[in-house]
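Each chain is listed here by its residues.
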Amino acid sequence: MPKKRKRNTKKPFQKTNAFFKNRQTQFVLSVFIMLLALLLLFALISFLKTWQADQSILTEIAHPKTNAKNWLGKIGASVSNFLVLKGFGIGTFVLPILLFFTGLYILLQVHLRKMRKPWFFGILGMIWMSLLFGFIKLNNPLFAGTVGFELDTFLSSYIGKPGILALLFVSLLSYVVIRFRLTPESISKFIPKRNIDKSKDSNASSSDTIIQLDDEKGELPLEVYSHKEEIIADQNTATETKKTETSKVKNIEIDIKKVVDEDHETENLSNKILENFGEFDPKLELSKYRFPTLEMLEDHHESIAVNSEELQQNKDKIVTTLKNYKIGISHIKATVGPTVTLYEIIPQAGVRISKIKNLEDDIALSLSALGIRIIAPIPGKGTIGIEVPNKNPTIVSMRSVISSTKFQNSEMELPIAFGKTISNETFVVDLTKMPHLLMAGATGQGKSVGLNAVLTSLLYKKHPAEVKFVLVDPKKVELTLYNKIERHYLAKLPDTEESIITDITRVVNTLNSLCIEMDNRYDLLKEAYVRNIKEYNKKFKERKLNPENGHRFLPYIVLVIDEFADLIMTAGKEIETPIARLAQLARAIGIHLIIATQRPSVNVITGIIKANFPSRVAFRVTSKIDSRTILDGPGADQLIGKGDMLYSGRSELVRLQCAFVDTPEIEKITGFIGAQRAYPEAYQLPEYVGEEVGNSFDIDIDDRDILFKDAAYVIVRTQQGSASLLQRKLKLGYNRAGRIIDQLESAGIVGAFEGSKARQVLIPDEISLKLFLENEKNNI
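Just so it is clear, the model here is predicted, and its values are computed rather than measured.

(A) A look at the overall build of the protein chain. In terms of regular secondary structure, the protein chain is built from 28 helices and 15 strands. The burial tally for the protein chain puts 44% of its 780 residues in the buried class. Intrachain contacts of the protein chain at a sequence separation of at least 6 include 67% that bridge at least 24 residues. Surface summary for the protein chain: the accessible area is close to 42400 Å², and the carbon and sulfur share equals 57%.

(B) Region of interest: the nonpolar core. Core analysis: the largest hydrophobic core is formed by 109 residues, its most contacted members being Phe418, Phe469, Ile575, Ile579 and Tyr647. When residues of this core are assigned to their parent elements, the largest contribution, 9 residues, is made by helix H18 (residues 504-528). Aside from chain neighbours lying at most four places away, what touches Tyr647 is Phe418, Phe427, Val429, Met434, Leu437, Ser615, Arg616, Val617, Glu652, Leu653, Val654 and Leu656. Listed in part, the 22 residues of the second largest apolar core include Phe708, Leu726, Leu744 and Leu773.

(C) Layout of the sheet that holds strand S1 (residues 329-336). Pairing in this open sheet of 4 strands is antiparallel, and the strands run S1-S2-S4-S3 from one edge to the other. Only two strands of the sheet have a single neighbouring strand rather than two, namely S1 and strand S3 (373-375). Along the sheet, successive strands turn relative to each other by an average axial angle of 20°, direction set aside. Pairing geometry for strand S2 (residues 340-347) and strand S4 (residues 384-389), over 6 bridges, is antiparallel.

(D) The packing of helix H2 (residues 23-54) against helix H4 (residues 94-107), seen in detail. At their nearest, the axes of H2 and H4 sit 8 Å apart, and the two run at 165° to each other. As the angle between them shows, H2 and H4 are arranged roughly antiparallel. In this structure, H2 crosses over H4, and the sense of that crossing is left-handed. In this structure, H2 uses Arg23, Gln26, Phe27, Leu29, Ser30, Ile33, Met34, Ala37, Leu38, Leu40, Leu41 and Leu44 to contact H4, whose residues at the interface are Leu95, Pro96, Leu99, Phe100, Gly103, Leu104, Ile106 and Leu107.

(E) Representation of helix H27 (residues 734-747) within the structure. Taking 1.5 Å of rise per residue, 14 residues should cover 20 Å, and H27 covers 20 Å from first to last C-alpha, within 8% of that figure. Listed as buried for H27 are Ala737, Gly738, Ile740, Ile741, Asp742, Gln743, Leu744, Glu745 and Ala747. Elements that come into contact with the buried residues of H27 comprise helix H25 (708-718), helix H26 (723-730) and helix H28 (766-778). Downstream of H27 by one or two residues, Gly748 has phi in the positive range, about 90°.

(F) Quick peek at the packing of helix H16 (residues 447-461) against helix H24 (residues 663-674). In the contact formed by H16 and H24, the axes pass within 12 Å of each other and the chain directions differ by 35°. Judged by the sense of rotation from one axis to the other, the crossing of H16 with H24 is left-handed. Mapping the contact onto sequence places Asn452, Thr456, Leu459 and Tyr460 in H16 and Ile666, Ile669 and Ile673 in H24.

(G) Looking closely at the pattern of salt bridges. Throughout the structure, instances matching the rule amount to 27 salt bridges. Between Glu387 and Arg655 there is a salt bridge, and its shortest N-O distance comes to 2.7 Å. Of this pair, Glu387 sits in strand S4 while Arg655 is found in strand S14 (residues 652-658), placing the two residues 268 residues apart along the sequence. Neither residue differs from the other here; Glu387 and Arg655 are each classed as buried. Residues Asp632 and Arg616 are paired through a salt bridge, measuring 3.3 Å at the closest nitrogen-oxygen approach. Taken together, the residues Asp632 in the loop between helix H23 (624-631) and strand S13 (644-649) and Arg616 in strand S12 (residues 615-618) connect sequence positions 16 residues apart.

(H) The arrangement of empty space enclosed by the protein in detail. Taken as a whole and judged by the stated rule, the model has 1 cavity of 30 Å³ or more. For the largest cavity, the calculated volume is near 50 Å³. Lining the largest cavity we find Pro338, Thr339, Val340, Lys420, Thr421, Ile422, Asp644, Arg655, Leu656 and Gln657. Looking at the lining of the largest cavity, the element that brings in the most residues is S14, giving 3 residues. Broken down by class, the residue content of the lining of the largest cavity amounts to 4 nonpolar, 3 polar and 3 charged.

Criteria and thresholds
- Residues numbered from 1 in each chain as written.
- Predicted model: local features only at pLDDT ≥ 70, side-chain atom pairs only at ≥ 80, totals over all residues.
- Heavy atoms only, no water.
- Helix = DSSP H or I, 4+ residues; strand = E, 2+ residues; numbered from the N terminus.
- Buried < 20%, exposed > 50% of the residue type's maximum accessible area, 1.4 Å probe, protein only.
- Contact = heavy atoms within 4.5 Å.
- Areas by Shrake-Rupley, 256 points an atom, 1.4 Å probe, with all protein chains shown as cover.
- Core = buried A, V, L, I, M, F, W, Y, C linked by side-chain atoms within 4.5 Å.
- Pairing = 2+ DSSP bridges.
- Axes fitted to C-alpha atoms, helices over the stretch in contact; angles between N-to-C directions.
- Parallel < 35°, antiparallel > 145°, perpendicular 65-115°, else oblique.
- Left-handed = near helix turned anticlockwise from the far one by under 90°.
- Expected span 1.5 Å × (residues − 1).
- Salt bridge = Lys/Arg side-chain N within 4 Å of Asp/Glu carboxyl O.
- 1 Å grid on protein atoms, 1.4 Å probe; cavity = no way out; pocket = protein on both sides within 12 Å on 5 of 7 lines; lining within 4 Å.
- Points joined across faces, edges and corners; volume = space filled by probe spheres on them.
- Nonpolar A, V, L, I, M, F, W, Y, C, P; charged D, E, K, R; others polar.

See below:
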């Protein structure tokens, strides 16, 4: 049986190999490649003459009525424009030459390995020529192409013009040395030959004549030329001819070995260069950004002191209390945590678990302690847990969890270090897997510290290019410290001064703006044929997505709302609707929500919100009803406060001590980040215009944007009245696209504002639009 499997797996490869070895296949393929190379060459030559005339049709290339002046029509104009103007400039002419010889090699049955070196040096030559013409800065953009100008601009900012000149010279010198296999020894051997005596000189010259004649007759290969010259020049007597012929063969074998070795070295070098040059780096703009250091966080020198006397007393009281109710225990052990000690008991056979669970208040009374919680049974274990608060709790510092190996070596997309478990292990979760988080807790129980722990974790792990925060703070005092990192990490609406959102109207607009951003991102994912932000960014980094088509690197966006109850009471459905929509759909495109509230009542945390927030964090609350609202069960009302919390996610409930990070620590971190080089402005969310601003109004025709007509044709052609569409198609900013939409509404081309939906287009086709604009012009 194993042998049969082996034969079956080889069959497809054997068929494929036989197909490409077939002479007819090779002939057809070689002719196709050579014709393709010739057609490409004709298109490029034609492009040098017709590129300016064909620029106007490139945006409407799919329209049947458009005609190109390129010899190969619209396809020739489009391909040439991409390769020359947007590519490598004049250096692109190397490409059809390489293609033609590749086809010729296939036709002549020459192994394609011999084309690896020409392709490698050809591509390097294209880049070199593009950079050279970009450096010279000729008036004609065809010489350098976009690659040349962009390379020159990029390198100028780092090494300056002298550095680019040195780079061009060194790269050209390297090519000459590698291509012609020059070494100091070969050059030094060549120079003395010009100082040989006359007899040798005449002998050498006669040898040269003989070789040239033989070469013309086709009797001597080109490679043998240099060897024969050396052999004849080194002959002392005619009787040594046999020896020199033997040495000639050996020298040829040695040189062939050198050529093979150099081929391997060149291949390895080319692979390394392509690997290093290939991927797009989103961090490049802030390449010198430095993450905050651990020294900015306080070290509380926490060490859990095990008080044996306290453990024994609690153990005895638990056993005694259970015996009073005729419940026997066969085994008990204690696990000491920073705030709580877990006593695991194994009851004797026949004891009902519900009987122990009902004794929660009696055990708390006998231990004279608050925060007793019984876990019956502990998931994954055959034991019952009784959590008892320590008399002397230990502070868990943010520094201890950030410096932990579990957090430092985490490969999560958005790692959050909440604190430590009862077993004193650092608890780290991935926000992208939650994917949204609901936090609740009474005043002063650690909720704001928990939010700061979340934000601090991300600031210590993610570069500003990778994550952005939208911070909503109705209380106006909790998140103001993060204003300093506005141009590094924060996202906000265009034309707004404050990056921390405190006004209710701006909160509603921001949430609707995030819905627009979500829709835009889903459009990008659809065009890229991917399912989530991770796959999309991977494809973009590999340069498989064209930025000129609207594609861009997408950072994660984390929305943090500090007091959700206040927003719901003030704005109600205006807040709940976009929140529910984001919670349902935004996970795949990298928008994650963290909502905190003091009052986890059912009129604040509704069923729609709870259904889309599977991960919850509960600090101490005042009643069992609030605990059931946030956790779907009791437990949060039995916590002891001061950062004692329960984390519920994916059917697990974990008790933690939240890491403590104080205001001075946040000030140090944000001050350190804010003092570094930043982006020109905060991350701009799509512009959202509320209903009260979206009504029709008159705009003077003379005040219309210069791109009004182009925008009108884009809107009518696509039948989609969206500002985000104009941003992508016309490469506009948020504000300008919004103004043009207002102008189109005033002109009667699009309908009135309809919330986050695209506006209705009132003109059916481009012919009607043309007549409409002409009539409007005649009526002025």
